[in-house]
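The primary structure of each chain is shown beneath.
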Amino acid sequence: MSHGTKKDRPVLRLLLIGLIFHLVYIGTVFDCYFTSPVVNGMQSYGLDRGPAKRLVLIVADGLRADLLLSKQPFPTIPGSPETVAPHLRSVVERRGAFGVSHTHVPTESRPGHVALIGGMYEDVSAVTKGWKTNPVDFDSVFNRSSHTYSFGSPDILPMFAQGATPGKVDMWMFHEDEEDFTKALDTWVLNHVRDLFHNASTSMALNAQMRAEKTVFFLHLLGLDTTGHSYRPFSREYMNNIQVVDNIVRQTEQSFSEFYEDSETAFVFTADHGMSRIGNHGDGDPDNTQTPLIAWGKGIRGPLPDSNPSSHDDYSAPWDLTRLLRRDVEQADVAALMSTLIGIDWPVNSVGVVPDVDHTRPGYLLDVDGGKTQAEAALVNARVLLSHYRVKHARKREHTLFYKPYPYFSDGETYLSGQMKLSEIEHLIKRQQYDDARQASSKLIKHTLEGLRYLQTYDRTLIGAIVVVAYLGWIAYGASTILVPPSSTGITSRLQAIDLVAAVTLCAFWTLFILQKSRGSFYLYIIFPVYFWHQAIRRFGSNVDQLRKLVSTTHLSGLFVRGGLVVVTLEGMVLAYTHRSIWSIGFLIMGLAWPLFFWPNEVQARNKLLHRSWTISCLATAIFPLLDVNKKESIPTVLAGGVCMLVAGFYGAVRASREWRQLPRTQRISFQRAVGVQCGLLISSMIVTASTALRLRQKLGLPLLNQIAGWTILVIASGFPFLLRIEKPTPEARITTLFLGFSVCFVILSISSEGLFYCSYATTLFVWTEVETVLRAYRHRMILKEEDNKSEVGLASTIEAYRPQADDMRIAVFFLFFVQVAFFGTGNVASISSFYLEPVYRLVPIFSPFLMATLLIFKIIAPYIILSAFFALLNARLHLPPFSLFLVALTLTDVMTMTFFFKVTDTGSWLEIGQSISFFCVSSLLLVWSAGICAIGEILMAGTTMHVSNAKAKKEN
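Residues numbered from 1 in each chain as written. Predicted model: local features only at pLDDT ≥ 70, side-chain atom pairs only at ≥ 80, totals over all residues. Heavy atoms only, no water.

J.: Can you help me understand the overall build of the protein chain in this one?
T.: From N to C terminus, the protein chain includes 37 helices and 8 strands. Counting across all 957 residues of the protein chain, residues that qualify as buried make up 57%. Within the protein chain, contacts between residues separated by at least 24 positions form 81% of all contacts whose residues are at least 6 apart in sequence. Counting every atom, the protein chain has about 39200 Å² of accessible surface; 61% of that belongs to carbon and sulfur. (Helix = DSSP H or I, 4+ residues; strand = E, 2+ residues; numbered from the N terminus. Buried < 20%, exposed > 50% of the residue type's maximum accessible area, 1.4 Å probe, protein only. Contact = heavy atoms within 4.5 Å. Areas by Shrake-Rupley, 256 points an atom, 1.4 Å probe, with all protein chains shown as cover.)

Structural data, given as C-alpha cells:
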C-alpha cells in the first residue's frame, strides 16, 4: 500500500477539512441557543431603603435539599439522627421562609454563584475559562453593597471582586492545597469570621465600616462538595458534614447577634448546586438542580400554613413539612431578593424576579406596610428588566436589516411604550392599590422576559439554516470526493460559472453580516457550506460522464435500501443516547442476525469457530449497557477484570508468537519478556489497588507508599508499549502490548466492571477484524471468478484507488457503533458527569479538578487506542488506503449530528436542556476524536507486518 502519493492528497485534504468543520460547528449550538446575556449601558434601579441593615449569604456548596430537610434521610447509616440539621429545621418551622431554588445547567459552582449573586445565567462558553475567571465583567450584589466581606474558596471569591469597585469586596481564602477531602474546610470559614469580629473590636475604622448599612457577608462552605465527590451524598461523611454546616450556621448567627446586639440582620442560606447519587454534578439531573433556600431575620416573613392546592410534591413529602408553605424560586431570583432586603440597586444584568411580585402567592418579604414594600419591589423589578430590554432592543434594531421588534412593544417606541406601563404602575402605588400594582408589574415583567428571550434567540433561524445547509453540503462534498475521481479536463465555462456563483454568495453573506455587525463566528460558519457545495457541484459537474456511468452500473433500488437501513441505524444510535438497552440490541443484531442472514453459506460452513466466537463476544459485550450505571465500588469485580485481562493478554502473546515462528528465536524471546513485564505490572496494580481501596474504606487516608506505587505502575505500564522496540512485530504482537499497557489503567481507575468491559470490548474488536477479513477475501474471490481470474489487475486497481463496495457502508456503521460503545459502554449515556471520581482518589487525595479530569479522560481514551489499532489493521487487510472507511463513516454520521442539533433545547426541564447539549457535543467531538483514532492507529501499526494475515485468510478461503 502506498502512502503519501498525490492520489492520497484529496483524501487527506477532505479529512483535515472535515475535522476543522466539525470542531468549529460545535460552536453553532452555543451561538444558536446559548449566547452571553451580558450587555452594558443599562440604568440601575433599587429601593431607597430596605428592611434590613445587613445581609448574610451562606452557600453550602454541593448541598442537596432533600438530605438537608428530610426526616431520617440516611436510613442505611446505623445511629443516624432523625433530623440531620436541627438548627436550620427549627428556622424553617418557627421563624423563616423556605423553598427549593431551581438551578440551571451546567450545575457547576461558578455559574451557580453567578446566578445567586449576579442574578443572571452565564452563557456556557464560560467553560473555556474553567468557570473560574470572568469571560466578561458583570454586575453583582457585592458590587452594589456598601461593603462585602467574603470567606471561602479561591475558586469562587475572586471572580466577584474582579468586576466590583476596587476595595469594595474583601476576601479571606484558604489555599488551594488545603482542599483535601479529609479536612474540615468549613470550620476554617467560621474561624475567620470570628477573627473579623475580634479585629473589629480593636479597630475603630473596621468597626465603623462593618456597622454601616447595606453591608454583605458571604460565607462559602466548600466542605459538602468535596465530601460528596469523595464519599457520595448518602455516606456518613456527607451526613456529618451537613451537621457541621448546620452548627456553623447556628454559631454564625450567634456571632452576629453578639457583635451587633440588634435584630437588623437578614440571613439567606442556599446552595449553588446539588449532588448526584454517585457524587457528581454538572448536568440537569434533578438531584443537581434542586437546592435548598431558607431565609430568616429582618424583613423576612415567618412560616405560613400551606396553600391550596398544596405547594408540596413527592419530592418534599419526606420532609414532614407539608403543613407549611413551600415557596420555590429560580436561582437568579435570589439576587433580586437580597437586593430588596438591604435596599441596594439591583445588578443591572439581573433577570431574576423577586418572589413577592406574584400577589396571588406569599413571597419571602415580611408585610409590614400593607404590601407597599412588595409593590415597590415589583416596580423596581420591572424597571430593571425593561432597562435591560431597551438596551438589547436598540442594539438589535441598529444592527439588523428588516428588524421586527417583540410584538408586545411594537405598538410604539419601546421607551415610550414601556414608560407608559411603568407610569400606570406608579399611579396604582400612589393610590395604595398595591395588589393591582403587583399584578401590573407581574404582567410587564412576564412580557419583558419574553422580549429578552425573543432578542436572545433572534438569529436562531439564520444559524439553523446555515447549519443544515453546511451538514448537507459536507455529505455531498464527501460523497463527491469518494465516488467521483478528480477530472483531468481544464477549466470550462460551466466551472467558471460555478466559481463565480460561490464567490458572489460568500461575499453577499459577508456583506450582510457586516451591515448587521454580526458575531465574528458567523463569517467563519458561512465559509463551510459555500465551500462544500461549490466543491461538490464542481466535481459532479466536471465528471458528468463518469457520474452517469456510475449511476448506470449501480443497482439504485439496493442502494436506497442500504441507505435507508443506514439512516435507521444511525437514528437508532441517537435513541440509544437516552435508552442504554439499544446498544445491547445492536450487539444482539450484530452477533446473531447478521451472521445468520447475511453471511454466505460457504463462509459459515468453513468458519464455524469464528462464527461462534463472534456471537459469544457480541453477547458478552451486550451485557454491559444493561448494567446499572449507579455503581458502587467492588474490588472483587475489579480484580476479576484484572484476571480476565491477564488471560486475554496471555492468549494474545501465544497467538502472536505462533505468527512469529518464521522470525529469529531471540526476537520472539524479546517479545515474550516484554509481555512478562507487562503482566507483572498488571498483577502489581491489582495488589496496590486492593490495598489502597481497603485503607480508604477504613478512612485511614491514602498511604504515601501506595500513592507512589500506584503512580509509578500506571506511568510505566502506559508508556511501556510506546517505548518498546521490536523489529517488524506482527499486528497481534503490537496490539497485545497495547492491550496490556492500558489494562493497568482499568485496574487502578476502575470502580467495578470497567476492566471486564475493556476485555470484552477488545475481544469483540479482534473477532470483528477476523470476520471482515474472511468476508472480504471470500467476496474478492467471487469477483475474480467472474472476471476470469484476472486477480492481479483486480488487486492492483483496488490498491491504487479506493472503490467503494457495498460492505464499506456497513463496516463504517459498525465502526461508528464501536466508537459510541467505547464511550458509553459502562457510563451513563445521559451525562458526561456520570463518570466516577472515587477511583481517582487512589492517586489524588487533594482536590485537583484538572488532574482528576485528566485521569478520567485518560481512562476514557484507553479503549479508543485499541479500536484505532484494530481499525488500522482492518484497513490494511481489506487493501484500503488509510482513512478510507473513516471518510465513509464521517460522511454518514452527520445524520446523527443534525438530529442532535435540532434536539438541543433551552426550554423544558434542566435535565432535558443539559442532556440535549451533552448529546450534541459528545456526538460532534466523537467524530473529531474518531479521526484521531484512525491517525493514531496508522502510526501505531506502521512498523508491523499487516499484510501477512490477509494472505493467510485468502488461502483459507
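J.: Explain helix α13 (residues 333-342) to me, please; I cannot follow it from the model alone.
T.: Because an α-helix completes one turn every 3.6 residues, residues spaced three or four positions apart along the sequence face the same direction. Of all 10 residues making up α13, 10 are buried, and the element is well covered by its neighbours. Those residues of α13 that fall on the buried side of the exposure criterion are D333, V334, A335, A336, L337, M338, S339, T340, L341 and I342. Of the residues flanking the end of α13, it is G343, one or two places downstream, whose phi is positive at about 70°.

J.: Any chance you could explain the confidence of the model for the protein chain here in plain terms?
T.: Low-pLDDT stretches of the model should not have their predicted coordinates read in fine detail. Per-residue pLDDT for the protein chain has a mean of 83; in total, 84% of the residues score no lower than 70. Mean pLDDT per element in the protein chain: helix α31 (residues 791-800) is the minimum at 39, and strand β6 (residues 265-270) is the maximum at 98. A low-confidence stretch, residues 790-802 stays under pLDDT 50, and its non-local contacts, those more than four residues away or across chains, total 16 contacts. Per-residue pLDDT stays below 50 along residues 947-957; that stretch engages in 18 contacts with residues further than four places along the chain or on separate chains. (pLDDT = per-residue confidence, 0-100.)

J.: For this particular structure, what's the right way to read the pattern of salt bridges?
T.: A side chain with one charge may pair with a side chain of the opposite charge, provided their charged atoms come close. As enumerated under the stated definition, the model contains 27 salt bridges in all. With a closest N to O distance of 4.0 Å, R144 and D345 form a salt bridge. Residue R144 is found in helix α6 (residues 141-144), and its partner D345 is found in the loop between α13 and α14 (372-399); the two are separated by 201 residues along the sequence. Overall, R144 belongs to the partly exposed group, its relative accessible area being 26%. Linking R810 and E772 is a salt bridge whose minimum nitrogen-to-oxygen distance equals 2.7 Å. In this pair, R810 is assigned in helix α32 (residues 806-824) and E772 in helix α30 (residues 754-786), connecting sequence segments 38 residues apart. You'll find R810 and E772 in the same group, each marked buried. It is possible to trace a salt-bridge network through shared partners that takes in R64, D66 and D287. (Salt bridge = Lys/Arg side-chain N within 4 Å of Asp/Glu carboxyl O.)

J.: Would you explain unusual backbone geometry in this entry?
T.: Most peptide bonds take the trans configuration, and most residues that are not glycine carry a negative phi. Positive phi, close to 65°, is recorded for K214, a residue that is not glycine. The topology assignment puts K214 in the loop between α9 (204-210) and β5 (215-221). For D320, which is not glycine, the phi torsion reads 60° and is therefore positive. As for its position among the elements, D320 is in the loop between β7 (290-297) and β8 (329-330). Classification of D320 by relative accessible area gives partly exposed; the value is 40%.

J.: Just checking my understanding: could you explain the sheet that holds β8 for this structure?
T.: The strands that make up a sheet are held in pairs by hydrogen bonds between backbone atoms, and each pair lies either parallel or antiparallel. Spatial strand order, β4-β3-β5-β1-β6-β7-β2-β8: 8 strands in an open sheet with mixed pairing. Of all the strands in the sheet, just β4 (169-173) and β8 have a single pairing partner and so form its edges. On the sheet, helix α8 (residues 185-200) packs against β3 (147-152), β4 and β5 and is oriented at approximately 145° with respect to β3. Across the face of the sheet, α13 comes into contact with β1 (54-60), β2 (96-102), β5, β6, β7 and β8 while running at roughly 155° to β1. (Pairing = 2+ DSSP bridges. Axes fitted to C-alpha atoms, helices over the stretch in contact; angles between N-to-C directions.)

J.: In this structure, what is going on with the environment of H113? I would like to understand it.
T.: If you trace the backbone, H113 turns up in helix α5 (residues 109-118). Along the backbone, H113 and I156 are 43 residues apart, and their C-alpha atoms lie at a distance of 7.7 Å. Discounting residues that sit within four places of it in the chain, H113 has contacts with V59, D61, G118, I156, M159, F160, F218, H220 and D272.

J.: Mind showing me how you'd approach the packing of α5 against α13 here?
T.: For any two helices packed against each other, the geometry is given by the interaxial angle and the distance between the axes. Between α5 and α13, the shortest axis-to-axis distance is 5 Å and the interhelical angle comes to 35°. On α13, the residues that touch A115, L116, I117 and G118 of α5 are V334, A335 and M338. Residue composition of the contact of α5 with α13, grouped by class: 6 nonpolar, 1 polar and no charged. (Nonpolar A, V, L, I, M, F, W, Y, C, P; charged D, E, K, R; others polar.)

J.: It is not clear to me how a nonpolar patch on the surface should be interpreted in this structure. Could you clarify?
T.: Taken together, the side chains of V469, L472, W533 and I537 make up a nonpolar region of the molecular surface, amounting to roughly 320 Å² of accessible area. Of all the elements in the fold, those that place two or more residues in the nonpolar patch are α17 (460-483) and α19 (520-542). Among the structural elements, L472 can be located in helix α17. (Patch = residues over 30% accessible without salt bridge, like charges linked within 9 Å, V, L, I, M, F, W, Y side chains within 5 Å.)

J.: In this structure, what is going on with the pairing of β3? I would like to understand it.
T.: One face of the sheet, then the other: side chains in a regular strand alternate in exactly this way. Counting buried residues in β3 gives 6 out of 6 residues, a clear majority hidden from the surface. Covered by surrounding structure in β3 are H147, Y149 and F151 together with T148, S150 and G152, the residues of both alternating faces.

J.: Would you take a moment to explain the packing of aromatic side chains for this structure?
T.: Each aromatic ring pair is described using two quantities: the centre-to-centre distance and the angle formed by the ring planes. Applying the stated criterion to the full structure yields 63 aromatic pairs. Relative to Y758, the ring of F746 lies with its centre 4.4 Å away and its plane at 5°, an arrangement referred to as stacked. With a gap of 12 residues between them, F746 in helix α29 (residues 745-748) and Y758 in helix α30 connect regions that are remote in the sequence. Each ring, one from F817 and one from F818, has its centre 6.2 Å from the other, and the planes form 80°; the classification is edge-to-face. (Phe/Tyr/Trp six-rings, centres within 6.5 Å; stacked < 30°, edge-to-face > 60°.)

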